[in-house]
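Examination of the molecular architecture
Each chain, written out:
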Amino acid sequence: MSTLAKARCVFGAHPSAMDTALAVAVLICMVAGSFVDPHGPEGVNWSLRTPDALSLALMTAGAAALAFRRRAPMAVLAVTGGVSVVESVTGDPRAPVVMAAVIALYTVAASTDRPTTWRVGLLTMTVLTGAAMLAGPLPWYAQENLAVFAWTGIGATAGDAVRSRRAFVQAIRDRAEKAERTREEEARRRVAEERLRIARDLHDVVAHHIALVNVQAGVASHVMDKRPDQAKEALAHVREASRSALDELRATVGLLRQSGDPEAPTEPAPGLARLDELVGTFQHAGLRVELARTDQGTELPAAVDLAAYRIIQEALTNVQKHAGRQAKAEVSVVRVGPDIEVTVLDDGLADGEAPDAPAEGGGHGLLGMRERVTAVRGTLTTGPRYGGGFRVHAILPVKSRTDAATEATEAIEATGDPV
């Protein structure tokens, strides 16, 4: 670190010491300048002279006031301005006491706002220049009088420039701090959204496969003694469902791994392309499911595709758990204009059999479906059907708003017509 930088750090930590040092330096400059007389008997010459006692007292008073310029800038300006006026009227030749007033005016301009700087600066310039021109021993057009006007203007302008720069730097710092806080809040929001998404996926995967395992295990237990071949088939389905659950759990939890952990599975997220496979797992579990689709050739965004798959999966899982083993479900996926509609219906208790008791505390299946639909800006309707059963109906946009806006912009550019 250079000597200047060290001195700046020291004075920055002790502003009173800096003001005292400045007052001493100004006093030395004023005393040194008072010994020079630019107006000799033969014109302009730089002969030495001795200042009188009053001028020395005024210079000392003005310099001493500068030691308090940060604490009371207006009061210091009033004191230094007053001694400058006295020196302008009585000094012959005049001592440079106005130097203290210029520094005090700079301090006021640097520590207040611009309107105050304008008012105080104009008042100081008018009083000091007017006193020097009208009441001083020199002619009004003397260079010393014009110098008073110039130096007071420079002091006010320099102080205002320093204040503006400080405000600009502070504004940049505030914007940087605000941007940092915004980034942190955005990061926390994204983490919360990702945790919620992973929680939904875990719920859907676990609920679906555990329900299938439960049903198949019940079937195997029921027919173990009388029909061992059917029990063996049911246990095979249990094994397949558990393996599939483990695979999906591994893929989902793999998103939580850190950079140094083993590589996560790269299998794509499920979508409607695997809908037949999904329906087949429920049919193997004994649920009668009819599937109708008119969405062939429709390319869905990844989020919409996953949401449609998970909605059907959760709805069929609820049918499996709550509607009875003999219930019948109907699944339809239909393209309607700019949307795709997913509907899952069941007929409730087809044979009057009591449904399995729901788990204590309820579940989060419907809440998870609603969150998924809301995330892709769709609508979800659920509720009992007239005559028994339950209905789940979701309307999902085929294209996101960003894609729609992009197509509209391209159409405008192609036709040249404004919207």
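Residues numbered from 1 in each chain as written. Predicted model: local features only at pLDDT ≥ 70, side-chain atom pairs only at ≥ 80, totals over all residues. Heavy atoms only, no water.

Some words on the overall build of the protein
Going by this rule: By the criteria applied, helices consist of DSSP H or I runs no shorter than four residues and strands consist of E runs no shorter than two, each listed in order from the N terminus. Relative accessible area decides the class of each residue, using a 1.4 Å probe on protein chains only: under 20% of the type maximum gives buried, over 50% gives exposed, and in between gives partly exposed. The criterion used for residue contact is that any of the two residues' heavy atoms lie within 4.5 Å. Computed with the Shrake-Rupley method and a 1.4 Å probe, the accessible areas treat only the protein chains shown as cover for residues.
The secondary structure content of the protein amounts to 12 helices and 7 strands. Classification of the 419 residues of the protein by burial places 34% in the buried group. At a minimum sequence separation of 6, the contacts of the protein that also span at least 24 residues come to 67%. As displayed, the protein has an accessible area near 24900 Å², and 61% of this comes from carbon and sulfur atoms.

Points about the pairing of strand 4 (residues 328–336)
What counts here: Between any two strands, at least two bridges found by DSSP are needed for them to pair.
Inspection of the sheet shows strand 3 (residues 288–294) paired to strand 4 by 7 bridges, in the parallel sense. In the strand pairing of strand 4, glutamate 290 is matched with glutamate 330. Summarising the sheet, strand 4 and strand 5 (residues 339–346) pair through 8 bridges and their orientation is antiparallel. Residue glutamate 330 lies in a different strand from strand 5, and its bridge partner there is leucine 345.

Re unusual backbone geometry
Backbone phi values are negative for most residues with the exception of glycine, while trans is the configuration of most peptide bonds. Even without glycine at this site, arginine 377 takes up a positive phi of about 65°. Within the fold, arginine 377 resides in the loop between helix 11 (365–375) and strand 6 (379–384).

A few points about the packing of helix 4 (residues 73–90) against helix 5 (residues 98–111)
Where we set the bar: Helix axes use the C-alpha atoms of the stretch in contact, all axes being lines fitted to C-alpha atoms, and the angles between their N-to-C directions lie in the range 0 to 180 degrees. For classification, angles of less than 35 degrees are called roughly parallel, those exceeding 145 degrees roughly antiparallel, those between 65 and 115 degrees roughly perpendicular, and all remaining angles oblique. Left-handed describes a crossing whose near helix is turned anticlockwise from the far helix through less than a right angle; right-handed describes the clockwise counterpart. We call Asp, Glu, Lys and Arg charged. Ala, Val, Leu, Ile, Met, Phe, Trp, Tyr, Cys and Pro are nonpolar, and the rest, Gly among them, are polar.
Two numbers describe how helix 4 lies on helix 5: the axes approach to 8 Å, and their chain directions differ by 155°. The angle between the axes of helix 4 and helix 5 places the two elements in the roughly antiparallel class. The two elements helix 4 and helix 5 cross, and the hand of that crossing is left-handed. Along its contact with helix 4, which presents Pro73, Met74, Val76, Leu77, Thr80, Gly81 and Ser84, the element helix 5 presents Val98, Ala100, Ala101, Ala104, Leu105, Thr107, Val108 and Ser111. Classifying every residue of the contact of helix 4 with helix 5 by side-chain character gives 10 nonpolar, 5 polar and no charged.

Regarding the sheet that holds strand 7 (residues 390–397)
Strand order in the open sheet made by the 5 strands is 3-4-5-7-6, with mixed pairing throughout. Bordering the open sheet on either side are strand 3 and strand 6, each of which pairs with just one other strand. Shown here is a sheet whose adjacent strand axes are inclined to one another by a mean of 10°, direction ignored. Across the sheet, helix 9 (residues 275–284) is in contact with strand 3 and strand 4; its angle to strand 3 comes to roughly 165°.

A closer look at the pairing of strand 5
Two faces belong to every sheet, and in a regular strand the side chains alternate between them. For strand 5, the tally of buried residues reaches 6 of 8 residues, placing the bulk of the element in the interior. Hairpin connection, strand 4 to strand 5: the antiparallel pair is bridged by 2 residues, and glycine 337 has positive phi, about 60°. Of the pairings in the sheet, the one linking strand 5 to strand 7 comprises 8 bridges and is antiparallel in character. Counterpart to glutamate 341 in the pairing with strand 7 is isoleucine 395.

Side note on the environment of isoleucine 395
Structurally, isoleucine 395 is set in strand 7. It is 8.7 Å that separates the C-alpha atoms of isoleucine 395 and threonine 381, two residues lying 14 residues apart in sequence. If sequence neighbours within four positions are ignored, isoleucine 395 has contacts with Asp339, Ile340, Glu341, Gly378 and Thr379.

A word on the pattern of salt bridges
Selection criterion: By convention in these notes, a salt bridge is any Lys or Arg side-chain nitrogen within 4 Å of a carboxyl oxygen on Asp or Glu.
Summed over the entire model, instances satisfying the criterion amount to 9 salt bridges. Glutamate 186 is the salt-bridge partner of arginine 190, the closest N and O atoms lying 3.1 Å from each other. Here the residue arginine 190 and the residue glutamate 186 both occupy positions in helix 7 (residues 143–223), the gap between them amounting to 4 residues, near one helical turn. Accessibility expressed as a relative area gives 53% for arginine 190, which makes it exposed. For glutamate 290, the salt bridge identified is with lysine 328, shortest N-O distance 2.9 Å. Taken together, the residues span a long stretch of sequence, with glutamate 290 in strand 3 and lysine 328 in strand 4 at a distance of 38 residues. Overlapping salt bridges bring together Asp19, Arg69 and Arg70 as one network.

Re the packing of helix 4 against helix 6 (residues 114–134)
In contact at an axis separation of 8 Å, helix 4 and helix 6 are set at 15° when each is read in the N-to-C sense. Considered as vectors, helix 4 and helix 6 are oriented roughly parallel to each other. Judged by the twist between their axes, the crossing of helix 4 over helix 6 is right-handed. Taken together, the residues of helix 6 that come into contact with helix 4 (itself represented by Met74, Leu77, Gly81, Ser84, Val85 and Ser88) are Thr116, Val120, Thr124, Val127, Leu128, Ala131 and Ala132. Looking at the contact of helix 4 with helix 6 residue by residue, the classes come out as 8 nonpolar, 5 polar and no charged.

Some remarks on the confidence of the model for the protein
Basically, it comes down to this: Think of pLDDT as the predictor's per-residue confidence, scored from 0 to 100.
Mean pLDDT over the protein works out to 76, with 74% of the residues at or above the 70 mark. Residue range residues 350–362 is modelled with pLDDT below 50. Its contacts to residues more than four positions away, or to other chains, number 12 contacts. Of the regions scoring below 50 in pLDDT, residues 412–419 engages in 2 contacts with residues more than four places distant in sequence or in other chains.

Some points on the nonpolar core
Stated formally: In this description, a nonpolar core means a group of buried Ala, Val, Leu, Ile, Met, Phe, Trp, Tyr and Cys residues linked to one another through side-chain atoms lying within 4.5 Å.
Formed by 35 residues in total, the largest nonpolar core has its most connected members in Leu272, Val289, Ile312, Leu316 and Leu396. Residue assignment for this core shows that the elements contributing at least two residues are helix 9, helix 10 (302–322), strand 4, strand 5, helix 11 and strand 7. Beyond its immediate chain neighbours, meaning those up to four positions away, leucine 272 contacts Arg293, Asp295, Leu300, Asp305, Ala308, Tyr309, Ile312, Val333 and Ile340. If you look at the next biggest cluster of nonpolar residues, it comprises 21 residues, including Val26, Met30, Leu66 and Ala67.

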